[in-house]
Amino acid sequence: MRWIAMTAVTLAVLAQGAQAEETFRFTAIPDEDQSRLIERFSKVANYLEDRLDVEVEYVPVKSYGAAVTAFRNDQVQLAWFGGLSGVQARRLVPDSRALAQGQEDAEFQSYFIAHRSTDLEPADELPEAIADKSFTFGAKTSTSGRLMPEHFLRQRFDEAPEDVFSRVGFSGDHSRTIALVESGTYELGAVNYSVWEAAVEDGRVDTDTVEVIWSTPSYPDYQWTIRGDADERYGDGFSERVQQALLEMDDPALLESFPRSAFIPADNSMYAPIEEVAESLGLLR
Amino acid sequence: MSLSAALPQRPRWFGGDALGPRLARHTLTLVALALLLLPLADLAVVTRDPWAEIARLAQGLAWPAWGAVETPLHALGLTIAVALWGTLAGVVLGFPLALLFARSRLVRAGCAFVRAIHELFWALLFLQVFGLSALTALAALAIPYAGIFAKVYAEILEETPRAPADALPLGVSRLVRFVYSELPLAWPRIAAYTRYRFECGLRASVLLGFVGLPTLGFQLETAFREGRYHEAGALLWLFYLLIASLPWWSQRRLVPVLLIGGAFLLGPWPAINGGLLWRFISQDIWPRPLLEGDWAGLLAWLAEVPDLAPAIGNTLLLGLLGTVGSLLVALVMWPLASRHFGNRATRLAGSGVLVFLRSTPELLLAFIFLLLLGPSMLPAWLALALHNGALIAFLVARHADSLTPGMAQLPASGRLAYELLPRVYPSLLALLYYRAEVILRETAILGMLGVATLGYYIDENFQYLMFDIAFLLLLVTAMLNIGVDALSRRFRPREAPLDVPGG
């Protein structure tokens with residue numbers, strides 16, 4: 001046991017030495033189209049490098065869980081999180097804070113979509129008739145694909161989704177939710193509104209077969225979060241400079257990677273509703 | 001003697017201790033058990049209009065978009081490098097353990113434990129500490145492989161003939177005896193098994209991309225998940241070509257070149273943080289009430305754990321169905337790729353189908369069946385059966401190719417039924433029993449279908465960052481796997497020649 005600890009300590013010391021010139025690292029997972037991540041986000045890294053005068057590197061990750069872990073373990077210092085993953089991350093890293101959100105994120109929405117065989121019509125309230133049909137969420141820790149849809153479902157039916165529907169699945173992705181409902185594999189699904197609208201615009205979805213039957217009330221979603229120790233390590237006021245750089249990002253080529261039209265200021269308190277919902281669903285503790 | 005000679009014995013179907021009837025009994029029991037439990041499985045079929053999506057998928061495979069893949073050569077190189085170094089590290093760790101395997105119960109138990117956890121879950125564990133780094137990837141392969149190598153090498157060494165060792169003069173040291181009389185005899189089989197394991201390593205290395213390590217699987221999973229099938233098609237073809245061309249580039253002489261070249265691709269190396277490591281193993285994976293000695297709190301914590309009984313039931317049921325399905329698939333498919341049947345063209349096609357099925361990630365197969373058949377346990381079952389059945393069929397075909405039929409004048413059907421099948425069946429069943437454990441581990445990664453196996457909950461709790469629950473479920477899974485492994489070892493036909501590697 002002792003030699004394991006010794007080795008760990010030695011390696012840690014060596015690693016500290018190797019990390020002398022500190023690179024500022026960030027990660028981001030866009031809510032749609034995760035192709036060519038490195039190419040696209042390296043441009044964002046270059047932009048931040050110009051503005052911040054430190055070396056900036058983009059770290060590609062696969063899932064929100066991996067992003068939170070990287071943030072917690074200080075493998076990245078800045079991250080573009082979803083609503084829920086941001087809350088998870090800020091709970092794990094003391095003094096970390098939300099800096100900015102997308103213009104669209106202040107009033108984000110989820111759509112409930114249905115296959116035409118259900119004969120459901122768009123309505124202002126979730127129709128009673130969705131009960132006992134099959135239903136798919138997106139990824140398990142997605143705010144727009146799981147957390148908020150489940151919250152509104154429980155509000156409407158006062159029951160867990162498993163009791164409302166005949167079958168509940170987790171497709172793992174918004175695009176796949178659309179594909180599964182379009183093919184009738186699941187009769188209903190909940191999807192991020194911006195992914196849906198992009199898919200409709202590009203003609204990737206047949207709106208005769210699947211349509212939106214309800215949109216949720218709005219809630220806050222994606223945001224940039226920075227670690228609490230950033231100022232200490234990169235110089236006083238560093239977090240403010242990062243925030244400024246994000247807010248002033250106006251090159252459409254950079255913004256479309258997220259995809260957002262612009263970034264606006266955000267703070268931790270804006271995400272209190274998300275935190276509450278996550279706690280009540282047992283996704284946070 | 002006198003009595004049994006006098007009274008003609010009633011013919012005993014499947015009775016007796018001879019190998020044939022015994023294997024037949026095993027097979028029929030397995031099939032009967034599967035049929036008996038079938039009503040418990042959720043096998044609903046819901047089909048509406050899957051064809052648009054299937055057509056998009058097929059188009060993607062037929063017209064791969066090579067240009068859309070970001071740095072394909074790096075991903076390909078890294079996939080090979082991780083597989084090669086991971087396997088090598090597994091050998092280095094596993095070989096000494098193999099020598100202790102027969103003598104130490106602790107070593108046997110330890111090896112059974114590390115093998116019982118899927119590579120992906122090892123990766124998820126190391127990810128928490130080492131981040132997305134080469135160390136996570138290598139450790140995720142090397143640790144379970146060390147357990148597998150220890151077991152298989154030990155079995156191979158155990159089966160080497162004793163005569164050469166007995167012929168050595170008295171007083172020769174243990175080391176000399178090992179180097180001169182045991183190792184040379186076991187070497188060809190050890191080498192063959194290591195090669196086979198390397199191929200498994202390649203597939204596992206691709207899978208590691210699914211949790212975020214930048215191997216081929218990274219882009220494959222995203223492209224496929226987001227429905228960019230032309231890009232996914234390009235990546236899949238790349239992977240098929242990699243597996244199909246294995247015999248050409250995995251030459252012994254090329255291995256050092258690949259190893260050295262691969263070493264440059266491996267990276268990034270993590271800054272190992274002792275504090276993180278310690279926090280993870282001393283706190284993250286244990287329930288907080290337990291660490292605080294709060295027993296009432298521990299009960300509340302236990303209530304948070306997903307219901308174990310249905311999860312274990314689903315895991316075992318899917319494992320059993322997958323195993324029996326693999327048996328049937330293997331029985332039907334192995335002749336397709338064997339030199340004893342058909343002509344050049346059919347064999348080429350047969351081998352192609354087998355390469356396709358055994359190299360296609362189960363997740364992809366499962367998704368196609370999910371579209372076709374709707375959400376239930378059925379897509380998962382079919383995916384497991386086809387993938388593993390094709391793998392066994394391929395190994396059995398290779399085994400059959402090494403046999404010379406004694407009754408060459410028989411027509412093909414007779415050769416199959418009366419000679420080749422009886423000769424390869426013991427090893428087919430042995431492979432199946434080895435594979436049962438793997439199938440059980442693989443039920444884990446089919447959570448997308450909403451089949452609530454143990455693996456489904458493990459994955460879920462990793463995503464919720466509730467490592468304590470994930471760890472508990474991992475322990476349960478490991479125990480289950482160890483149990484199934486012990487069972488399959490007990491029933492594995494001992495007479496089966498082990499030249500055909502399994503596992």
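Criteria and cut-off values
Residues numbered from 1 in each chain as written. Chains lettered and ligands numbered in written order. Predicted model: local features only at pLDDT ≥ 70, side-chain atom pairs only at ≥ 80, totals over all residues. UniProt positions renumbered as here; feature names shortened; annotations may be inferred. Helix = DSSP H or I, 4+ residues; strand = E, 2+ residues; numbered from the N terminus. Buried ≥ 20, exposed ≤ 12 C-beta atoms within 10 Å, placed from the backbone. Contact = placed C-beta atoms within 7 Å. Nonpolar A, V, L, I, M, F, W, Y, C, P; charged D, E, K, R; others polar. Pairing = 2+ DSSP bridges. Axes fitted to C-alpha atoms, helices over the stretch in contact; angles between N-to-C directions. Domains from an automatic or database assignment.

- As annotated in an unreviewed UniProt entry, chain B carries the name ABC transmembrane type-1 domain-containing protein and comes from Halomonas halmophila.
- What the UniProt record of chain B gives under Sequence similarities (unreviewed entry) is the line "Belongs to the binding-protein-dependent transport system permease family."
- Quoted verbatim from the Subcellular location (unreviewed entry) field of the UniProt record, the comment on chain B reads "Cell membrane".

- Per an unreviewed UniProt entry, chain A goes by Putative selenate ABC transporter substrate-binding protein and derives from Halomonas halmophila.

### Concerning the overall build of chain B
Right, so step 1: Counting its regular elements, chain B contains 23 helices and zero strands.
Right, so step 2: Across its three principal directions, the C-alpha atoms of chain B cover 75 × 70 × 55 Å.
Right, so step 3: A buried classification covers 47% of the 503 residues belonging to chain B.
Right, so step 4: Taking the intrachain contacts of chain B between residues at least 6 apart in sequence as the baseline, contacts between residues at least 24 apart amount to 77%.

### Concerning the UniProt feature "transmembrane region" (unreviewed entry) in chain B
Residue and element names in this part refer to chain B.
Right, so step 1: The UniProt record annotates "transmembrane region" (unreviewed entry) at residues 73–99, 120–147, 232–250, 257–281, 316–336 and 464–484.
Right, so step 2: Spanning residues 120–147, this segment combines 89% helix with 0% strand, and its end C-alpha atoms are found 16 Å apart.
Right, so step 3: Spanning residues 232–250, this segment combines 89% helix with 0% strand, and its end C-alpha atoms are found 25 Å apart.

### Quick look at the interface of chain A and chain B
Right, so step 1: If you look at the interface, chain A gives 46 residues, while chain B gives 39 residues.
Right, so step 2: Looking at the side of chain A that touches chain B, the elements with two or more residues in it are α1 (2–18), α2 (37–52), α3 (64–72), β7 (167–170) and α7 (174–182) of chain A.
Right, so step 3: If you tally residues by element for the side of chain A that touches chain B, the top one is α1(A), at six residues.
Right, so step 4: When grouped by side-chain class, the residues that make up the side of chain A that touches chain B number 16 nonpolar, 20 polar and ten charged.

### So, the sheet that holds strand β10 (residues 223–226) of chain A
All names here are of chain A.
Right, so step 1: The six strands lie next to each other as β2-β1-β3-β10-β4-β11, forming an open sheet whose pairing is mixed. At either end of the open sheet lies a strand with only one pairing partner, and these are β2 (56–58) and β11 (263–265). Across this sheet, the average inter-strand angle for adjacent strands is 25 degrees, counted without regard to direction.
Right, so step 2: Of the pairings in the sheet, the one linking strand β1 (residues 24–28) to strand β3 (residues 78–81) comprises three bridges and is parallel in character. Note on β3: the bridge partner recorded for Ala-28 is Trp-80.

### With respect to the sheet that holds strand β5 (residues 110–115) of chain A
Residue and element names in this part refer to chain A.
Right, so step 1: With mixed pairing, five strands are arranged side by side in an open sheet as β7-β6-β8-β5-β9. The open sheet has two edge strands with one neighbour each: β7 and β9 (210–215). Ignoring which end each strand starts from, the neighbouring axes of this sheet average 30 degrees apart.
Right, so step 2: Across two bridges, the pairing between strand β6 (residues 134–137) and strand β8 (residues 188–192) is parallel. Along β8, the bridge assignment pairs Phe-135 with Leu-188.

### A word on the domain arrangement of chain B
Residue and element names in this part refer to chain B.
Right, so step 1: The domain boundaries assigned to chain B delineate domain 1 (20–49 + 288–491) and domain 2 (68–275).
Right, so step 2: Relative to domain 2, the C-alpha centre of domain 1 lies at a distance of 21 Å.
Right, so step 3: Domain 1 puts 17 residues into the contact, and the matching count from domain 2 is 16 residues.
Right, so step 4: Breaking the side of domain 1 that touches domain 2 down by element, the ones donating at least two residues are α18 (344–359), α22 (454–463) and α23 (467–491).
Right, so step 5: Among the elements that line the side of domain 1 that touches domain 2, the one with the most residues is α23, at seven residues.

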